Amino acid sequence: MADEPLVLGIETSCDETGVGIVRGTTLLADAVASSVDTHARFGGVVPEIASRAHLEAMVPTIERALKEAGISARDLDGIAVTAGPGLAGALLVGVSAAKAYAYALNKPLYGVNHLASHICVDQLEHGPLPEPTMALLVSGGHSSLLLAPDITADVRPLGATIDDAAGEAFDKIARVLDLGFPGGPVIDRLAKEGDPAAIAFPRGLTGPRDAPYDFSFSGLKTSVARWIEARRAAGEEVPVRDVAASFQEAVVDVLTRKAVRACRDEGVDHLMIGGGVAANSRLRALAEDRCERAGIRLRVPRPGLCTDNGAMVAALGAEMVARNRPASDLALSADSSLPVTETHVPGTHSHDHDHVHEVSKENLYS
C-alpha cells in the first residue's frame, strides 16, 4: 500500500467544496463544505454565491482533509482537480487552488473530468473497475450513459439528456409542489408513502424510433406540472405523495431500462451508477431488480460518494499517476463544457519547478 500513489483531489464544479485524499484505491479522507443551504432560498444554485463559498471554504477544507488522513501536504504524490465540466467561476476557484498547491509543493498537477471522476470513485468502495465499464451517471446537470474501456484515457458517450437532466427535473417538480430545494431527497422520502402507479406520467424517448440511449425529462416535468395545476384550478387537493411516487417512478423506469439495454447491446455484464441522483432509494432498488433479472452485476457507491466530492477526483488522479498518464500544465484552465471524452487535460510541455526558491515554497505552504 505504501507504494501506491497518494493523491489529493479538489472538486468545485457546483455548490460543494470537496477535498479527498486517497492512496491507490483506499480512501483516507473525504472533507466536504456545502453551500446548499445558502442557495435554498433562491430555489437553485447561484453561480456567484457558489464561487464565493468555494473561495472561503478552500483552505480550511484542505487542512481538514490532511488532518483526517494524518499526512503532511509534502507527502503527496500529486494534486488532482476538476477542470470541467461545471460552473465556470466555481471551477476556476478549484483549479487556481490546485495550481497554487502543486506549484508550492513541487508536485504534479492533474486536471481531470468531473464525469469520469464520478465513475472512478466506485473503485474506493468496490475495488478496481472492470474494463470496459458501463456507467449511468445521473445528477442535477447530467444524465449520461458512458462506456469506459479505460477510465484514464477512453470514455465513450453512448447517450445523454437532450434537455433537463434527471436531478434538475426533481428540483423543478419539488418547486411546483412547494417542497423546497434541493428536491431529490424530499421527493424520495415522500414517494415511499405514495403509490407509484397512481398517475400514468409519460416516459420520454422510449418509442421504437427514439434514440435508444438518450434521455428527455422536459416533457415529463411539464406533464407533472400541468397535472398539479389542473388539480389546483379545480379546487382539489393535490396528493403530494402519489405525485412524488409516480413522477419518481417515471424517471427511474427510463433510466434503468435504458442502462440495462445498453449493457445487453454492448455485451457488458455489469453496470455502475453514479452521480447525485444515484443516492435515490427507488433508483437503486429498481436497478438492482432489473440487473439481477438480466444477469448484470450492479455497482453503486454509498450515497456520500455519489454526490460531488473530492474523493472521486483524488481516485481518478491516483489512477492517472498509477498508469503514468502525463501531468497537466501549470497553465491549466477550467473548461465549463469539457467533453467526457477528455478524461483529463494533459500538459503541452513539462515544467521545471526547480527555479522556485525553497523559502518561497515554505511561505506558500507552511
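Calculation rules
- Every chain's residues receive numbers from 1 upward, in the order its sequence appears when written.
- Where totals are concerned, whole chains, interfaces and linings use all residues; where local detail is concerned, this predicted model gives features only for residues with pLDDT of at least 70, and gives and counts side-chain atom pairs only at 80 or more.
- Hydrogen atoms and water are omitted, and side-chain values are computed over all heavy atoms in the structure.
- Nonpolar cores were defined as sets of buried Ala, Val, Leu, Ile, Met, Phe, Trp, Tyr and Cys residues, with membership established by side-chain atoms within 4.5 Å.
- Exposed residues in this analysis have more than 50% of their type's maximum accessible area, buried residues have under 20%, and partly exposed residues fall in between, with area computed by a 1.4 Å probe over protein chains only.
- Numbering goes from the N terminus for both helices and strands, where a helix is a DSSP run of H or I of at least four residues and a strand is a run of E of at least two.
- Any two strands with at least two DSSP-identified bridges between them are counted as paired.
- The contact definition used throughout considers only heavy atoms, calling two residues in contact when any of these lie within 4.5 Å.
- A fitted line through C-alpha atoms represents every axis, and for helices the fit uses only the stretch in contact; the resulting angles, taken between N-to-C directions, go from 0 to 180 degrees.
- Basic side-chain nitrogens of Lys or Arg form a salt bridge, by our definition, when they fall within 4 Å of a carboxyl oxygen of Asp or Glu.

Novice: Please clarify how the nonpolar core should be interpreted in this entry.
Specialist: A general feature of soluble globular proteins is that nonpolar side chains tend to end up buried together. The biggest cluster of nonpolar side chains holds 49 residues, and the ones touching the most others in it are Leu136, Phe247, Leu255 and Leu271. Of all the elements in the fold, those that place two or more residues in this core are β6 (133-138), β7 (143-150), α6 (166-176), α7 (183-191), α8 (218-233), α9 (240-266), β9 (270-274) and α10 (281-294). A per-element tally of this core places α9 first, with 13 residues. Formed by 29 residues, the second largest nonpolar core is a distinct cluster that contains Ala80, Ile119, Ile151 and Ala311.

Novice: How do you make sense of the sheet that holds strand β4 (residues 78-84) when you look at a structure like this?
Specialist: Consider a sheet: its strands pair through backbone hydrogen bonds, and that pairing is either parallel or antiparallel. Pairing is mixed in the open sheet, where six strands are placed in the order β3-β2-β1-β4-β5-β11. Single-partner strands in this sheet number two, and they are β3 (26-34) and β11 (344-345). Direction of pairing for strand β5 (residues 109-113) relative to β11: antiparallel, over a ladder of two bridges. Within the sheet, the bridge partner assigned to glycine 111 lies in β11 and is valine 345. In this fold helix α12 (residues 310-322) packs onto β1 (6-11), β2 (16-23), β3, β4, β5 and β11, with an angle of close to 135° to the strand it touches most, β1.

Novice: Mind showing me how you'd approach the pattern of salt bridges here?
Specialist: Once the charged atoms of two side chains with opposite charge are near each other, the side chains can pair. In this structure the tally under the stated criterion is 19 salt bridges. Arginine 325 is the partner of aspartate 150 in a salt bridge, and the nearest nitrogen-oxygen pair spans 2.7 Å. Linking aspartate 150 in strand β7 with arginine 325 in the loop between α12 and β11, this pair joins segments that are 175 residues apart in sequence. Taking the relative accessible area as the measure of exposure, arginine 325 reaches 24% and is therefore partly exposed. Arginine 231 is the partner of glutamate 236 in a salt bridge, and the nearest nitrogen-oxygen pair spans 3.2 Å. Linked through salt bridges whose partners overlap, the residues forming this network are Glu131, Asp150, Glu319, Arg323 and Arg325.

Novice: Looking at this structure, I do not really get the pairing of β1. What am I missing?
Specialist: It is a general feature of regular strands that their side chains alternate between the two faces of the sheet. Counted residue by residue, β1 has six buried out of six residues, so it is predominantly covered. The pairing of β1 with β2 spans six bridges and is classified as antiparallel. Opposite glutamate 11, over in β2, you have glycine 18 as the bridge partner. Where β1 folds back on β2, the antiparallel hairpin that results is connected by four residues. Sheet analysis places β1 next to β4, joined by four bridges and oriented parallel. Bridge pairing links isoleucine 10 to valine 81 in β4.

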